[in-house]
Amino acid sequence: MKKIASAVLACTMAASLAGCTITSPESVGSIGDTTFSAGSYLLAQYSAVNQLMDLVDDSSATVKQALKTDVTTDEGETMPGSEFVAQKTLENLEYSAGLDAALTARSIQLTDDQLSQIDSLTQQTMQNYGDLYAENGIGEATIRDAYRRNQAYSSLFEAIYGADGETPVTDEEKKSWLNDNAVAGDVLVLPLTNTDDTDHEVTDDDKDAVKALAQEAADKVNGGEALDELADDTLSAAFKVVGMDYDSESDLAANRNSVVIMPSELSYYGSDFENAVKDLEVGKTAVIERGNTLWVFSRRPASEVKDLSELEANYDLARLIKGEDFTQELTDAGAAMENHLDQGAMNAYKASKVKLSK
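All chains use their own residue numbering, which begins from 1 and follows the written sequence. Reporting of local features is limited, given that this is a predicted model, to residues whose pLDDT is at least 70; pairs of side-chain atoms are given and counted only at 80 or more, and all residues count toward the totals for whole chains, interfaces and linings. For the side-chain quantities, the full set of heavy atoms in the structure was used; hydrogens and water were omitted.

Visitor: Explain the sheet that holds strand S2 (residues 34–37) to me, please; I cannot follow it from the model alone.
Guide: With antiparallel pairing, 3 strands are arranged side by side in an open sheet as S2-S1-S9. The sheet terminates laterally at S2 and strand S9 (339–341), the two strands that pair on one side only. For this sheet, the mean inter-axis angle between neighbouring strands, taken without regard to orientation, is 15°. Contact between two residues is taken to exist if any of their heavy atoms lie within 4.5 Å; hydrogens are not considered. Helix axes are fitted to C-alpha atoms over the stretch in contact, other axes to C-alpha atoms as well, and angles between N-to-C directions run from 0 to 180 degrees. In DSSP terms, a helix is any run of H or I states spanning at least four residues, a strand is any run of E spanning at least two, and both are numbered starting from the N terminus. Packed onto the sheet, helix H2 (residues 38–55) meets strand S1 (27–31) and S2 and runs at close to 80° relative to S2. Paired strands, as defined in this entry, are two strands with at least two bridges between them according to DSSP.

Shown next, in the form of structure tokens:
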């Protein structure tokens, strides 16, 4: 199955272009009942070029160089950059057409609050990036319509998968997804440096001693002891090794916690950490080095680490579970519609002319 990158949702394509500086050709044709103006096409293309640049190994490459470079997609397919941009641009347009049809079918209407958000976001975007968009032939009306489309998608998604929707995502589905996709567990963080006194030298022998304390704790937890029963003594001993004073109440509270890390967040922790936690079986404990600390990490099912209500205060779990597939469904629906795009008109707007922010 083709996957549509998240950039599609962040940069959806509009179907009109009042205010865009591009006047000829004014339209590039239609898919289904959605007619695409020059600006909507340019926004689709701009999004696709940004997706391409994320795949190019050479971070200093220009757009023209990237278009001539072979890239490997998330699906493992290798193709020239120019072909990738053409494909993603079309998929972006197909997504827009599919979304429009679904919105019409369900008579989705935006609320006053959503319209206010659209105005605010449009103003902020034009203030910060208006000149860049103008250089790419994209005007304020196109940006406004893109935000309108984002808000409409949210309303449509809620109407289908929300708590009161047609097929709501159940708590059991959420727990199952979390256990299969998120990395979660109990953590005891031990220091490898003295953060109270930067002049205090922590030797390699000191670090080895802390590592030994961490490994001893991990071995005991794997042997059946509870991490909480070991945490205070282990952390106190580690603080002493690196020359820091230890307060049982405040330092234990700061260094003993439980985490649920979503798939999209793992890269923040670094590849070594990501590989280590992914390889760790649920129910097992290991020592993982992260920066100037050691994590004694006991992996547990995510649904047991934190309540759903706590997680849903910070994450849209339904969107994480269903969003990608739903976006693909809309794109597939658009792809199945009658395509009356004008290739000649689209060729007038060359991807090599796209300008990116510095």
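Visitor: Teacher, can you tell me more about the pattern of salt bridges here?
Guide: A side chain with one charge may pair with a side chain of the opposite charge, provided their charged atoms come close. For salt bridges, the criterion is a side-chain nitrogen of Lys or Arg within 4 Å of an Asp or Glu carboxyl oxygen. Within the structure shown, the criterion is met by 13 salt bridges. Where aspartate 145 meets arginine 148, a salt bridge forms, and the shortest distance between an N and an O atom there is 2.6 Å. Remark: arginine 148 and aspartate 145 occur in helix H6 (residues 140–161); sequence separation between them is 3 residues, near one turn of the helix. Accessible area is worked out with a 1.4 Å probe on protein chains only. A residue is then buried under 20% of its type maximum, exposed over 50%, and partly exposed in between. On the accessibility criterion, aspartate 145 (14% relative accessible area) is buried. Its salt-bridge partner being glutamate 216, residue lysine 220 comes within 3.3 Å of it at the nearest N-O pair.

Visitor: What is the right way to read helix H9 (residues 227–241) from this model?
Guide: Working note: α-helix, 3.6 residues per turn, so residues spaced by three or four point in the same direction. Multiplying one less than the number of residues by 1.5 Å gives the expected span of a helix. For H9, with 15 residues, the first-to-last C-alpha span of 20 Å sits near the 21 Å given by 1.5 Å per residue. Listed as buried for H9 are Leu227, Leu230, Ala231, Thr234, Leu235, Ala238 and Phe239. Among the residues trailing H9, glycine 243 stands out with phi positive, at a value near 85°.

Nothing here speaks to function; it is geometry throughout.
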